[in-house]
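Here is what each chain is made of, one letter per residue.
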Amino acid sequence: MLAGMRLSIRLSARVLPVAVILSGTAALAAPSAHADNKRLNSAVVSAVYTFQQQAGCTNDVIRDNALTLAAEWHAEDMMNNRNINDDIGSDGSSPQDRADAAGFHGIAAETVAINPAVAISSFELVNQWYANPDDMAIIRNCANTSIGVWSDNALDRSVVVAVYGQPAVPRR
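**Structural notes on the environment of Ser151**
Argument step 1. Tracing the backbone through its elements, the reader meets Ser151 in strand 3 (residues 146-154).
Argument step 2. What makes Ser151 buried here is its relative accessible area of 6%.
Argument step 3. Expressed as a C-alpha distance, the spacing of Ser151 and Asn41, which sit 110 residues apart in the sequence, is 6.8 Å.
Argument step 4. Excluding anything up to four places from it in sequence, Ser151 contacts Asn37, Leu40, Asn41, Val159 and Val160.
Argument step 5. Among the polar contacts listed, one links the side chain of Ser151 to the side chain of Asn41, at a separation of 2.7 Å.

Encoded structure:
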């Protein structure tokens, strides 16, 4: 019995370091953390609607594919260029430039939230925006009836971009 325990301990002493090395290697080789952020993006739209209603707005906030595309472009730019922490892209583009390029017709504005972690909750996001008077002015603007939201994340950074739009009135 004692010999069996010694063999088991020696075997464990050899296997355990290999297991630790393999798990550490797997963690280093793991791709960046990408999740399905649909729920977070929907929570952003709901929060914007709530803030607008509290500000006295009577309109709905409608998702717009072109604004979503503009938000996606900027979120990806922010993930690939860690020195970007605001509305201006690495190519010098503004929120309006990106919205125009995505096919939106009207006035565009943008809010950005960054968290130096793998995730950001809607609570953290709303707190960031609530603490910034410029962001809250954009969010509470009743003329911003369209929205596109995109979020992206890696192990060390989460980014949420919301692009707000005031659609142009169609000309006859």
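Next comes the rest of the write-up.
**A look at the state of the cysteines**
Argument step 1. For the coordinates displayed, the defined rule picks out one disulfide.
Argument step 2. Disulfide pairing is shown between Cys57 and Cys142; the S-S distance is 1.9 Å. Taking the sign of the S-S torsion, -85 degrees for the link of Cys57 and Cys142, the bridge is left-handed. With Cys57 in the loop between helix 2 (38-54) and strand 1 (62-63) and Cys142 in the loop between helix 6 (133-139) and strand 3, the pair connects residues that are 85 residues apart, well separated along the chain.
Argument step 3. Under the relative-accessibility criterion, Cys57 is labelled buried at 3%.
Argument step 4. You can call Cys142 partly exposed: its relative accessible area is 32%.

**Brief notes about the environment of Ser93**
Argument step 1. Checked against the element boundaries, Ser93 lands in the loop between helix 3 (65-80) and helix 4 (95-102).
Argument step 2. Through-space distance from the C-alpha of Ser93 to that of His74 is 9.2 Å; in sequence the pair is 19 residues apart.
Argument step 3. Not counting residues within four places of it along the chain, the set of residues in contact with Ser93 comprises Asp87, Ile88 and Arg98.
Argument step 4. A polar contact of 2.7 Å, which involves the side chain of Ser93, links it to the side chain of Asp91.

About the cut-offs
- Residues numbered from 1 in each chain as written.
- Predicted model: local features only at pLDDT ≥ 70, side-chain atom pairs only at ≥ 80, totals over all residues.
- Heavy atoms only, no water.
- Helix = DSSP H or I, 4+ residues; strand = E, 2+ residues; numbered from the N terminus.
- Buried < 20%, exposed > 50% of the residue type's maximum accessible area, 1.4 Å probe, protein only.
- Contact = heavy atoms within 4.5 Å.
- Polar contact = N/O pair within 3.5 Å; in protein donor to acceptor, adjacent residues only side chain to side chain.
- Disulfide = S-S within 2.5 Å.

These values are about where atoms sit, not about what they do.
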